[in-house]
Each structure stands twice: as C-alpha cells, then as structure tokens.
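These are the residues of each chain, in order.
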Amino acid sequence: MSEDVRLVAWVRGRVQGVGFRWFTRAKALEIGGLSGFALNLADGRVQVVAEGPREGCEGLLDWLQGDDTPGRVDGVTEIWDTPRGGYDGFAIR
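Residues numbered from 1 in each chain as written. Predicted model: local features only at pLDDT ≥ 70, side-chain atom pairs only at ≥ 80, totals over all residues. Heavy atoms only, no water.

Threshold: UniProt positions are given in the numbering used here, feature names are shortened, and annotations may be inferred rather than shown by experiment.
The name that an unreviewed UniProt entry assigns to the chain is acylphosphatase, with the source organism given as Streptomyces curacoi. According to the UniProt record, the Sequence similarities (unreviewed entry) comment for the chain reads "Belongs to the acylphosphatase family."

1. A look at the sheet that holds strand β3 (residues 46-53)
Remark on secondary structure: sheet strands pair via backbone hydrogen bonds, oriented parallel or antiparallel. Heads up, the rule is: Note on pairing: DSSP must find at least two bridges between two strands before they are called paired. The secondary structure listing takes helices from DSSP runs of H or I that are at least 4 residues long and strands from runs of E that are at least 2 residues long, numbered from the N terminus. Angular values range over 0 to 180 degrees, each being the angle between N-to-C directions of two axes fitted as lines to C-alpha atoms, with helices fitted over their stretch in contact. Any two residues whose heavy atoms approach within 4.5 Å are treated as being in contact.
Ordered by their spatial adjacency, five strands build an open sheet running β4-β1-β3-β2-β5, and the pairing between neighbours is mixed. Here the strands that pair on one side only, and so sit at the sheet edges, are β4 (72-81) and β5 (90-92). Averaged over all pairs of adjacent strands, the angle between strand axes in this sheet comes to 15°, irrespective of strand direction. The pairing of strand β2 (residues 35-40) with β5 spans three bridges and is parallel. For Phe37, the partnering residue across the bridge sits in β5 and is Ala91. Strands in contact with helix α1 (residues 20-31) are β1 (4-14), β2, β3, β4 and β5; relative to β5, the strand with the most contacts, it is inclined by about 175°.

2. Concerning the side chain of Glu51
Note the following rule: Remark: exposure states derive from per-residue accessible area (1.4 Å probe, protein chains only) relative to the maximum for the residue type, with buried under 20%, exposed over 50%, and partly exposed in between. Contacts described as polar in this section are N or O atom pairs within 3.5 Å, which, within protein, must combine one atom able to donate a hydrogen with one able to accept it, while residues neighboring in sequence count only if both atoms come from side chains.
If you trace the backbone, Glu51 turns up in strand β3. For Glu51, a relative accessible area of 5% corresponds to the buried category. Looking at Glu51, its side chain comes within polar contact range of the side chain of Arg6, at 2.7 Å. A distance of 2.8 Å separates a polar atom in the side chain of Glu51 from the backbone nitrogen of Arg84.

3. What about the environment of Glu58?
By the secondary structure assignment, Glu58 is in helix α2 (residues 54-65). Looking at Glu58, the relative accessible area reads 35%, which means it is partly exposed. It is 8.4 Å that separates the C-alpha atoms of Glu58 and Leu7, two residues lying 51 residues apart in sequence.

4. A few points about the environment of Cys57
Counting through the fold element by element, Cys57 comes out in helix α2. A relative accessible area of 0% means that Cys57 is categorised as buried. The sequence separation of Cys57 and Ile31 amounts to 26 residues, and the corresponding C-alpha distance is 8.7 Å. Not counting the four nearest positions on each side in its chain, Cys57 is found in contact with Val5, Leu7, Leu34, Ala50, Glu51, Gly52 and Trp80.

5. Details of α1
Under the convention used in this document: Expected span, for any helix, means 1.5 Å times one less than how many residues it has. As used here, the arc belongs to the directions running from the helix axis to the C-beta atoms.
For α1, spanning 12 residues, the distance from its first C-alpha to its last is 16 Å, which sits close to the expected 16 Å at 1.5 Å a residue. Those residues of α1 not exposed but buried are Phe20, Thr24 and Ala28. The arc that holds every buried residue of α1, seen down its axis, measures 75°, which confines them to one face. α1 presents Trp22 and Glu30 as exposed residues on the side facing more than 90 degrees away from its buried surface. Elements that come into contact with the buried residues of α1 comprise β1, β2, β3, α2, β4 and β5.

Printed below as a string of structure tokens:
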C-alpha cells in the first residue's frame with residue numbers, strides 16, 4: 001500500500017507568464033490521485049503543493065525538474081511532509 005505524503009516545491013526560473021501553473025495542474029491530474037495547488041509568488045517563483053501517494057508526488061517532482069515544462073526551470077527546492085488535507089482537487093491560485 002502506498003504512503004500518502006505532502007510535497008511542497010518552489011520552482012525558480014522563467015516560470016510565470018508561460019502557462020506553468022496550468023501545465024502543472026494538467027500534469028497532476030494526468031498522474032491522478034493528487035490534490036493541492038500551484039501559486040505564483042511575488043518573487044517570480046511558482047510554489048507547488050501536492051498531496052497524495054508518494055509515487056504520484058515523486059512523478060510530479062520529476063516533471064517539475066525535467067525539460068518538458070513550459071518556460072525555463074533553473075532549479076527546484078522541495079520539502080516533504082505529512083499530508084494536511086483540505087484540498088478539493090488540484091487548483092491554480
């Protein structure tokens with residue numbers, strides 16, 4: 001049985017104004033079983049919070065760090081935690 005986790009990732013680079021949050025939501029929905037959000041931050045980063053099965057969160061993180069994202073990702077900082085719940089699907093904020 002899969003362990004549920006919480007992934008919080010901060011994505012640096014040219015990730016605002018390029019559809020990054022929309023594609024992040026689409027990828028989370030494609031993976032399935034994930035809830036959370038993608039949010040533009042004032043400093044130009046995008047914050048991604050995803051909760052669900054560990055392998056799903058790891059898949060989303062791999063995508064965030066890969067070459068298939070819109071814009072340009074210069075780096076991703078992540079932390080792992082226990083799920084807090086309270087999300088209805090995966091939202092763009």
